[in-house]
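Chains, contacts and geometry: an overview
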Amino acid sequence: MAIVTIPDENRTIREIEAITEHLASIGIDYERWKPSKEIAPTAEAEEILAAYSDEIEKLKARGGYVTADVIDVNPQTAGLDEMLARFSREHWHDEDEVRFIIHGRGLFHIHPRDGQVTAIEVEAGDLIRVPRGTHHWFNLCSDREIRAIRLFQNPSGWAPSYTESGAEAGYHPVCLGPSYLPAI
Ligand SMILES: [Fe+2]
C-alpha cells in the first residue's frame, strides 16, 4: 500500500481510508487493484494487461483513456538519468498521468494550488491518477526500479510542461518503504 506524507506538517498517513480521503481532497484518485488471477511481476506485458483487463476497461470508460501499455524502468535502462531528470522537476501534463504499479516503488510529489505538498510513495497494487494540469514531480526510490501500467488519453499530450518554480528543491526525494535502509 502507498505511504503518504505531508512534509510541511510532519505527517505520515499509512491507513488506506485516510490515504484515499486525503488524496481525494487534493484531486488525486487512489485505488488498490488485485489481478483476476495470480500473476508474476515479471510476466510479459500482454499477460499483465490481460490480468487487469477488467480494471483497465472500467478506467478507460471513466477517463476516456484509449491506450494502455506497460513501462519497465530499472538501473540497466538506457538513458535512465536523463529520463528521470525530465520528471523530477515540477511539471504538469495536458493529459492525466495514470499509473498502476506492478513492481518496484516510486515517489510522486503533488503540489496542489491551495494545499500542502503531498508525497505519495507507490508500490505494487497501487493505482494513482494525477489529473491533467496538476503540478507534480516524480522520483524513483533508491533501487531505481519500477514496472507500471500506463493509460493514455492521447500519448502525444504526455510531454511535461515545467513550472520552473523550483518547488521540488524543498523536498527530499526519499522513500520510506522496504528499499530504505537507514545507515547504522
Ligand atoms: Fe508527470
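Everything that follows concerns the structure shown earlier in this document.
Residues numbered from 1 in each chain as written. Predicted model: local features only at pLDDT ≥ 70, side-chain atom pairs only at ≥ 80, totals over all residues. Heavy atoms only, no water.

**Details of the pattern of salt bridges**
- Evaluation of the coordinates by the stated rule reveals 14 salt bridges.
- Ionic pairing is found between Glu9 and Arg11, a salt bridge with its closest N-O pair at 3.1 Å.
- Owing to a relative accessible area of 37%, Glu9 belongs among the partly exposed residues under this scheme.
- By relative accessible area, Arg11 is classed as partly exposed at 38%.
- Connected via shared salt-bridge partners are Asp29, Glu31, Arg62, Asp96, Arg129 and Arg132. (Salt bridge = Lys/Arg side-chain N within 4 Å of Asp/Glu carboxyl O. Buried < 20%, exposed > 50% of the residue type's maximum accessible area, 1.4 Å probe, protein only.)

**Notes on the state of the cysteines**
- Tallied over the entire structure, the rule returns 1 disulfide.
- Disulfide partner of Cys141: Cys175, at an S-S distance of 1.9 Å. Classification of the bridge connecting Cys141 and Cys175 rests on its S-S torsion, roughly -80 degrees, and on that basis the disulfide is left-handed. Here Cys141 is found in the loop between strand 10 (136-140) and strand 11 (146-152), whereas its partner Cys175 is found in the segment after strand 12 (161-162), with 34 residues between them in sequence. (Disulfide = S-S within 2.5 Å. Helix = DSSP H or I, 4+ residues; strand = E, 2+ residues; numbered from the N terminus.)

**Describing helix 4 (residues 80-87)**
- Where helix 4 is concerned, the buried positions are Leu80, Leu84 and Phe87. End-on, the buried residues of helix 4 take up no more than an arc of 65 degrees, which puts them together on one face. Seen from the open side of helix 4, the exposed residues pointing more than 90 degrees away from its buried face are Asp81 and Glu82.
- Taken together, the buried residues of helix 4 touch strand 4 (67-73), strand 5 (91-92) and strand 10. (Arc of directions from axis to C-beta. Contact = heavy atoms within 4.5 Å.)

**Observations concerning the packing of aromatic side chains**
- Following the criterion strictly, the structure yields 5 aromatic pairs and no others.
- Pairing Tyr52 with Phe100 gives two aromatic rings, centres 4.6 Å apart and planes at 55 degrees, and the pair type is tilted. Placement of Tyr52 in the loop between helix 2 (45-51) and helix 3 (53-63) and of Phe100 in strand 6 (residues 97-104) is noted, with a sequence separation of 48 residues between them. Residue Tyr52 shares its accessibility class with Phe100, and that shared class is buried.
- Among the aromatic residues, those joined into a cluster by ring pairs are Trp33, Tyr52 and Phe100.
- When the ring centre of Tyr162 is taken as origin, the NZ or CZ atom of Arg89, which lies over that ring, is 3.9 Å away. (Phe/Tyr/Trp six-rings, centres within 6.5 Å; stacked < 30°, edge-to-face > 60°. Lys NZ or Arg CZ within 6 Å of the ring centre and 35° of its normal.)

**Here's the deal with the environment of Val73**
- Mapped onto the secondary structure, Val73 falls in strand 4.
- As for Val73 and Ala51, which are separated by 22 residues in sequence, their C-alpha atoms are 20 Å apart.
- In this view, Val73 contacts Leu80, Met83, Leu140, Arg144, Glu145 and Ile146; residues no more than four positions away in its chain are not counted.

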